[in-house]
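# Survey of secondary and tertiary structure
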2 protein chains.
Amino acid sequence: MLSYWNDYPTIQNKLQIVCSLIEEQLQVRNKDIQETLIDFAKSGGKYLRPAYFLLFAELGDTTKQNQKQLFKVAASIEILHMASLIHDDIVDDSPLRRGTITVQSKYGKDIAVYAGDLLFTQFFELITQAMNGSYYLGINAASMKRLLLGELDQMHTRFNQQETVEDYLRSINGKTAELFWLACIQGAHFGKTDKKIETLAGQIGRNVGIAFQVYDDILDYTADQHDLQKPILEDLAQGVYTLPLIFAKEEKPEIFASYLAKKNELSLEEAQKVAELVVTYGGVQKAKKFAQNYTQNALQDIEKLPESQAKKEITHLTKQLLQRTF
Amino acid sequence: MLSYWNDYPTIQNKLQIVCSLIEEQLQVRNKDIQETLIDFAKSGGKYLRPAYFLLFAELGDTTKQNQKQLFKVAASIEILHMASLIHDDIVDDSPLRRGTITVQSKYGKDIAVYAGDLLFTQFFELITQAMNGSYYLGINAASMKRLLLGELDQMHTRFNQQETVEDYLRSINGKTAELFWLACIQGAHFGKTDKKIETLAGQIGRNVGIAFQVYDDILDYTADQHDLQKPILEDLAQGVYTLPLIFAKEEKPEIFASYLAKKNELSLEEAQKVAELVVTYGGVQKAKKFAQNYTQNALQDIEKLPESQAKKEITHLTKQLLQRTF
């Protein structure tokens, strides 16, 4: 997974350290769980959140930085992300994640529940070690809560044909953008940048996170199974109605109503038909525009960062991430 | 549930405040989850852990105490306990808890996974508010981890006929005694007792927790279904071999081997037969002696506490809790 960072050798080296730190953290008495978690940690995640964290930290005053602390916080963000993925896969009954079988389908829900819990614990342990006494501890607690409330929002609006763009935005703001926000704002903070950059960093992270999730949801309607390494149209089958569908539905509500009324009895053929209709009625097109807007805002804010190698890499990374080909 | 505390009016009043604080904490946007959690919080837990916490706090210098902080820490311990119960019920597929249907059987595993997660978050939020900057934050993180490792140990040794008293002790030390330890040691600490009492408090909590769990496991072999309000012999059916069985098995391994070899295909009749054999071969008797030993140690340590109303109530409570009738 770290091959994603071949163009960013400094970050690649640092992520290697984060990776080892995570692996170290996952040493537990129970060997099943340990192997499960180490497998999962190595199974192809890009470590985007720690990467953004480390890049924003590079903007700060290196003479004042505590490198050990930085690596711990970077690892904590990825661990929190991993925990939420494992529990989401239980709730979604997902067979695949990152092209490999999920923890819950491989080891069962028992292991998956506790494996996720253990990661929450490791997250908590790491940030306590790294920042006890800082008000950022409270910010992490609040962030973890918003992450979870985002998941709950998504679960709550399943099969809800009335779901609005605002509902969707609220959900992805929690479930995805929150951790990008946290990564960037904490990178700037613990990297010892000034307060203005810290606020800007948070704003950039928020916008990157929203655009990232919208593109991810678009892929569900456009990628073929092989490319994406996860079953397509999974969200649709689970009643998670994302932005492309919401936009297309606004255009032609009556066409979608009869399909969506079938809820989880939608057949694969019908789901494919819905996907075609989403494209036909401009849902994908509009969602792309929506994401581009957030990407633009992020890039404009990045432009305001002080000139540096880190700024160049943040710009490059953000473009690479958010200007995918469709 | 607070009727359990009719003989302890001061504690009863304080637990009422803890209860309200927990309810306040559980206000979330998602009304399903909120109701689920408030139902669960009110469904008959005795609030033993916050009670021990508050009693040990009363031993300290009240002029130096921060009451708001004390209530927050008391609530945090109960919330951590609730979180672990909800996730345990998923893993155990338990239909009943405290005589009422479990979160997972009532609302499904999706809600139960996130409901437990949300409680971990609330725990984290409360202790961060209450003690950011204190080394007790790290102690809480470590404690949460040991709690989870205890659960994992238990899951890991399921259907293991070779399980020893040491394995059992390690598991209950984590899954039960840890939180009693935490409640008592933190009560003494945040109640501003002196360091010696703090250490003693932790020791008392540890021993009370172990005895409490052993008695609980004995009940599985002696209580009838009506009394206990949970299906008896559940642990046995799930392959959780507790102390009475371990002791009886040491006495007559060959008699138990053929039953246990059936693993989760043990019928109800066979499980009842095993339970009878456990009594016949002295497993219950020996487990009681084992628990009495820990109770005695706890009571001897309690004797060393400074004379006070709190000491009287700790003594009374511990006897009430650990000298159950069988």
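See the structure above.
First, a word on scope: everything that follows refers to the structure included in this document. (Residues numbered from 1 in each chain as written. Chains lettered and ligands numbered in written order. Predicted model: local features only at pLDDT ≥ 70, side-chain atom pairs only at ≥ 80, totals over all residues. Heavy atoms only, no water.)

### Looking at the overall build of chain A
Put simply, the rule is: Strands here mean DSSP runs of E at least two residues long; helices mean DSSP runs of H or I at least four residues long; both are numbered from the N terminus. Values of the radius of gyration come from C-alpha atoms, whereas the globule rule sets the reference at 2.2 Å times the count of residues to the power 0.38. The contact criterion used is simple: two residues touch if any of their non-hydrogen atoms lie within 4.5 Å. Working definition of accessibility: Shrake-Rupley area with a 1.4 Å probe, residue cover restricted to the visible protein chains. Working convention for charge: Lys and Arg count positive, Asp and Glu count negative, and His plus the chain ends are omitted. Where a charge sits is defined by one atom per residue type, namely NZ (Lys), CZ (Arg), CG (Asp) or CD (Glu).
Regarding its fold elements, chain A presents 16 helices and two strands. The globule rule puts the C-alpha radius of gyration for 326 residues at 20 Å, and the 20 Å found for chain A is close to it. Look at the contacts in chain A between residues 6 or more apart in sequence, and 76% of them connect residues 24 or more apart. Approximately 12,800 Å² of chain A is accessible, and the part contributed by carbon and sulfur atoms is 49%. Of the charged side chains in chain A, 36 are positive and 42 negative; the average position of the first set lies 5 Å away from that of the second.

### Observations regarding the environment of L119 of chain A
All names here are of chain A. Residue position: L119 is located in helix α6 (residues 109-131). Distance from L119 to I79, taken between C-alpha atoms, is 6.1 Å for residues 40 residues apart in sequence. Residues contacting L119, with those up to four places away along its chain left out, are L26, L37, I79, M82, A83 and I86.

### Quick word on the packing of helix α7 (residues 136-156) of chain A against helix α6 (residues 109-131) of chain B
Threshold: Between N-to-C directions, angles cover 0 to 180 degrees, with each direction set by a line fitted to C-alpha atoms, over the stretch in contact for helices. Each angle receives one of four descriptions, namely roughly parallel if under 35 degrees, roughly antiparallel if over 145, roughly perpendicular if within 65 to 115, and oblique otherwise. By definition, any crossing whose near helix is turned counterclockwise from its far helix by less than a right angle is left-handed, and any crossing with a clockwise turn is right-handed. Throughout this entry, Asp, Glu, Lys and Arg are counted as charged residues, while Ala, Val, Leu, Ile, Met, Phe, Trp, Tyr, Cys and Pro are counted as nonpolar. The remaining residues, Gly among them, count as polar.
Interhelical geometry of α7 of chain A versus α6 of chain B gives an angle of 160° and a closest axis separation of 9 Å. Considering their axes alone, α7 of chain A and α6 of chain B lie roughly antiparallel with respect to each other. The two elements α7 of chain A and α6 of chain B cross, and the hand of that crossing is left-handed. Contacts from L137, G138, N140, A141, M144, K145, L148, L149, E151, L152 and M155 of chain A of α7 of chain A reach α6 of chain B at D110, I111, Y114, D117, L118, F120, T121, Q122, F124, E125 and T128 of chain B. Per-class residue counts for the contact of α7 of chain A with α6 of chain B are twelve nonpolar, five polar and five charged.

### Details of the packing of aromatic side chains
Where two aromatic rings form a pair, the distance of their centres and the angle of their planes describe that pair. Threshold: Planes of paired rings set the category: under 30 degrees apart is stacked, over 60 is edge-to-face and the rest tilted, where pairs are Phe, Tyr or Trp rings (Trp by its six-membered ring) whose centres lie within 6.5 Å. Note on geometry: a ring has a charge over it if NZ (lysine) or CZ (arginine) is within 6 Å of the ring centre and within 35 degrees of the ring normal.
This model, assessed by the stated rule, comprises 21 aromatic pairs over all chains. Consider the rings of F159 of chain A and Y241 of chain A, whose centres lie 6.5 Å apart with planes at 85°: the pair is edge-to-face. In this pair, F159 of chain A is assigned in the loop between α7 and α8 (165-190) and Y241 of chain A in the loop between α11 (234-237) and α12 (243-251), connecting sequence segments 82 residues apart. Members of the aromatic cluster, each reached through a chain of ring pairs, are F123 and F124 of chain A together with F123 and F124 of chain B. When the ring centre of Y4 of chain A is taken as reference, the NZ or CZ atom of K46 of chain A above it lies at 5.4 Å.

### A closer look at the relation of the copies chain A and chain B
How we decide: Our superposition of the copies is a least-squares fit, built on the C-alpha atoms of residues whose pLDDT is at least 70 in both.
Note on the copies: chain A fits chain B at an RMSD of 0.0 Å, the axial shift is 0.0 Å, and the rotation between them is 180°. Such a turn and shift between the copies fits a two-fold axis. Considering only C-alpha atoms, the residue of chain A closest to the rotation axis is G133 of chain A, which sits at 1.8 Å. A share of 100% of the interface residues of chain A reappears at the interface of chain B, consistent with the copies meeting face to face through the same patch.

### Observations regarding the nonpolar core
The criterion, for reference: Joining through side-chain atoms within 4.5 Å is the link that ties buried Ala, Val, Leu, Ile, Met, Phe, Trp, Tyr and Cys residues into a set, and such a set is a nonpolar core. Throughout this description, buried means an accessible area under 20% of the type-specific maximum (1.4 Å probe, protein chains only), exposed means over 50%, and partly exposed covers the range between.
With 242 residues, the main nonpolar core has V214 and L236 of chain A together with V214 and L236 of chain B as its most contacted residues. The contact partners of L236 of chain A, leaving out residues within four places of it in the chain, are D220, Y221, Y241, L245, L260, L266, A271 and V274 of chain A.

### A few points about the pattern of salt bridges
Stated precisely, the cut-off is as follows: Only one rule defines a salt bridge in this text: a Lys or Arg side-chain nitrogen within 4 Å of an Asp or Glu carboxyl oxygen.
As enumerated under the stated definition, the model contains 33 salt bridges over all chains in all. The partner of K14 of chain A in a salt bridge is E58 of chain A, with the nearest N and O atoms 2.9 Å apart. Here E58 of chain A lies in helix α3 (residues 48-58) and K14 of chain A lies in helix α1 (residues 9-25), a separation of 44 residues in the sequence. For K14 of chain A, a relative accessible area of 19% gives the class buried. When the shortest N-O distance is used, the salt bridge between D153 of chain B and R170 of chain B registers 3.6 Å. Taken together, the positions of D153 of chain B in helix α7 (residues 136-156) and R170 of chain B in helix α8 (residues 165-190) put the pair 17 residues apart, joining distant regions of the chain. Note on D153 of chain B: relative accessible area 8%, which makes it buried. Among the residues examined, R170 of chain B registers a relative accessible area of 39% and is labelled partly exposed. Among the ionic contacts, a cluster of salt bridges with common partners joins R29 of chain A together with D153, D167 and R170 of chain B.

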